[in-house]
Amino acid sequence: MGHMSNRKTADNVVEAINASGRHYRDSLPMIASENILSPMVRRACDSDLHGRYAEGLPRKRYYQGCEDFDTIEEIGIDSAKRVFDCRFANIQSTSGTNSNIGSLKALAKPGDKITAVSTADGGHISHARMGAVGLRGLDLITYPWDDERMEPDIDAAASMIRKEEPAVALFGQSVFLFPTPLEELAEAAHEVGATVMYDAAHVMGLVAGGQFQDPLREGADVMTGSSHKTFPGPQGGFVISDSGDEKLHRRLNSGIFPGVCSSYHLHHVAGKAIALSEFEEFGESYAADIVSNAQALGEALSSEGFEVIAEERGFTASHQVVTRHGEIDSGAGRDAAATLEEAGIITNMNMLPGDTKALTPSGLRLGTPELTRVGMKPGDMEDVARFFARALIEGEDPSSVKNDVREFKSQFQTVHYCFEPGPAYPDCD
Ligand SMILES: Cc1ncc(COP(=O)(O)O)c(C=O)c1O
C-alpha cells in the first residue's frame, strides 16, 4: 500500500515535470536569467558523470577513475580561456552564487571592507549582507547611484572607493541595462590596493560574444558568472581572470574546491565544456541577436504605450528591458506579472528606482535570451509587444491572448546557435 502510494507520488513529480515542459513550450519565457539547453549539452547533463566524484584539479585527484573526466575538464578550461580571452579559468563552480562565495573567500577576509551595488539599485543578493558578502563577514558599503543612467555615479563612487579603501571593489548587477563605467572605477580601486571583481552572471554570454563590455581589459582582476543565462550552458558558474599571478590562481581554485564544493557536478562541467565549444562557433551572433532583440522589444513596447526605462539611452545595451507599470511601491509590477502569466507570458516583477519593497514593486524586468535562442528576430518583438498591450493596456481577457501566444510560439520550437539544433522543449510527454 505504502509502496503504491510512493510510486504514485513519484509519478506525480514526473507529470509535473512534463506539465512544466508544456507550459514553457506554449509560453513566451522572458525571465532574463533563464535559458534552454542544446541537445548536446542536455546529453552531457543526463550522462553517467552525474553521480561521479572528482575532487581536486585535472590530473591531481583524490579519487581514482577520473582520467576521462580529466580530459573533459582540461578541454573545458582551454575553451574557457579562448572564449573569455584570459589566462585563468575555473569551470567547477556549481552556480554564479558559488563563484562569488568562492572568489570572496579568495580575495578578502572577515572584517574587510567591500564596495558593491545595493540590491535596491539592481545588485544581486550575493552582494548583500543577507548573501555571500555577509557570509564572508565583510563590511559592505554600497555605491552612490545614478538613477537616470542606471549605473554607479562615477565621480561619487570613485571618491567613495578612494576614501573607504576596500579590499574588494565589486561591480555588476542583476538589473543590468548598460555597461558599468569600469575603467574609471577600477582605476580608483587599484589606487587604494583593492581587487576589482566584476560579477558577469547575467551578461557572461554578451561579454564573451563581444557585445557588452570587456571587463578583463577594463580593469577587472577577477570575473565571476553563471553558465546558464546569456551564456547558454547548463546551470553552473565560472571564475575567470587574466592575471598571470599563479598565487591568485591557486587561491581562486581553492575558493571553489574545497571552499564551496566537494563534488562539483561533473555532468554540468561536461555540459559547460560542450557549451563553450558551441559558443566559440555561434556565440558572437547569438549575443548580437540577443541585444538586437532587446532593443527592438524596448522600442516596440514603447510604441505600444508602455513606459520603458532609459528611453533616452536607447532602452538597453544588454539582454534586458525594464518597464514601469504604476506608482512607486504600488505593486503594479507584481500585478502586471500575474496578468501576463495568465496570458502565457512569463516575466518577473522588479524594483525600480524609488521602490522600497521587493514584494510590491512598480516594474517588470524582461529578457530576450530564450526568445532569441528559439529563433525570434527583431520583427517578432513587435508581435510580442502586441501581446503585452492586449493583456495589460487593452484589458483583453488573458485567456484569449494566451491562445494566440500559444499559436505564435508554435513557430519557435527549435533550439538554435548549437551544433545539432533540436527540440527546444523535449520534456512534454
Ligand atoms: C549579478 C548576479 N550575480 C549572481 C547571480 C547568481 O547566479 P546563480 O543563480 O547562478 O547562483 C545572479 C543571479 O541572477 C546575478 O544576477
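Residues numbered from 1 in each chain as written. Predicted model: local features only at pLDDT ≥ 70, side-chain atom pairs only at ≥ 80, totals over all residues. Heavy atoms only, no water.

### Some thoughts on the site of the ligand
(1) Moving on: In the neighbourhood of the ligand, 13 residues make up the surrounding shell, with Gly96, Thr97, Ser174, Asp199 and Lys229 lying closest.
(2) Moving on: Ser174 places a polar side-chain atom, nitrogen or oxygen, 2.6 Å from an oxygen atom of the ligand.
(3) Moving on: Contact between the ligand and Ser226: an oxygen atom at 2.9 Å from a side-chain N or O atom of the residue.
(4) Moving on: Considering each element in turn, the shell around the ligand owes the most residues, three residues, to helix α4 (residues 96-107).
(5) Moving on: Residue classes in the shell around the ligand are distributed as one nonpolar, 10 polar and two charged. (Near = heavy atom within 4 Å. Polar contact = N/O pair within 3.5 Å; in protein donor to acceptor, adjacent residues only side chain to side chain. Helix = DSSP H or I, 4+ residues; strand = E, 2+ residues; numbered from the N terminus. Nonpolar A, V, L, I, M, F, W, Y, C, P; charged D, E, K, R; others polar.)

### A word on the packing of helix α13 (residues 378-392) against helix α14 (residues 398-409)
(1) Moving on: Where α13 meets α14, the axes come as close as 10 Å, and the angle between the chain directions of the two elements is 165°. What the angle tells us is that α13 and α14 run roughly antiparallel. Once α13 is placed against α14, the crossing between them reads as left-handed. Judged by residue contacts, Asp380, Asp383, Val384, Phe387, Arg390 and Ala391 of α13 engage Ser400, Val401, Asp404, Val405 and Phe408 from α14.
(2) Moving on: Here the contact of α13 with α14 is built from residues that sort into six nonpolar, one polar and four charged. (Axes fitted to C-alpha atoms, helices over the stretch in contact; angles between N-to-C directions. Parallel < 35°, antiparallel > 145°, perpendicular 65-115°, else oblique. Left-handed = near helix turned anticlockwise from the far one by under 90°. Contact = heavy atoms within 4.5 Å.)

### A closer look at the domain arrangement of the protein chain
(1) Moving on: Under the domain assignment, the protein chain is made up of domain 1 (42-276) and domain 2 (283-423).
(2) Moving on: On a C-alpha basis, the centroid separation for the pair domain 1 and domain 2 is 27 Å.
(3) Moving on: Of the roughly 2000 Å² buried between domain 1 and domain 2 on both sides combined, carbon and sulfur atoms contribute 60%.
(4) Moving on: The three residues of domain 1 that bury the most area against domain 2 are Leu177, Phe178 and Gln211, which together make up 28% of that side's buried surface. (Domains from an automatic or database assignment. Buried area = accessible area lost by both parts, 1.4 Å probe.)

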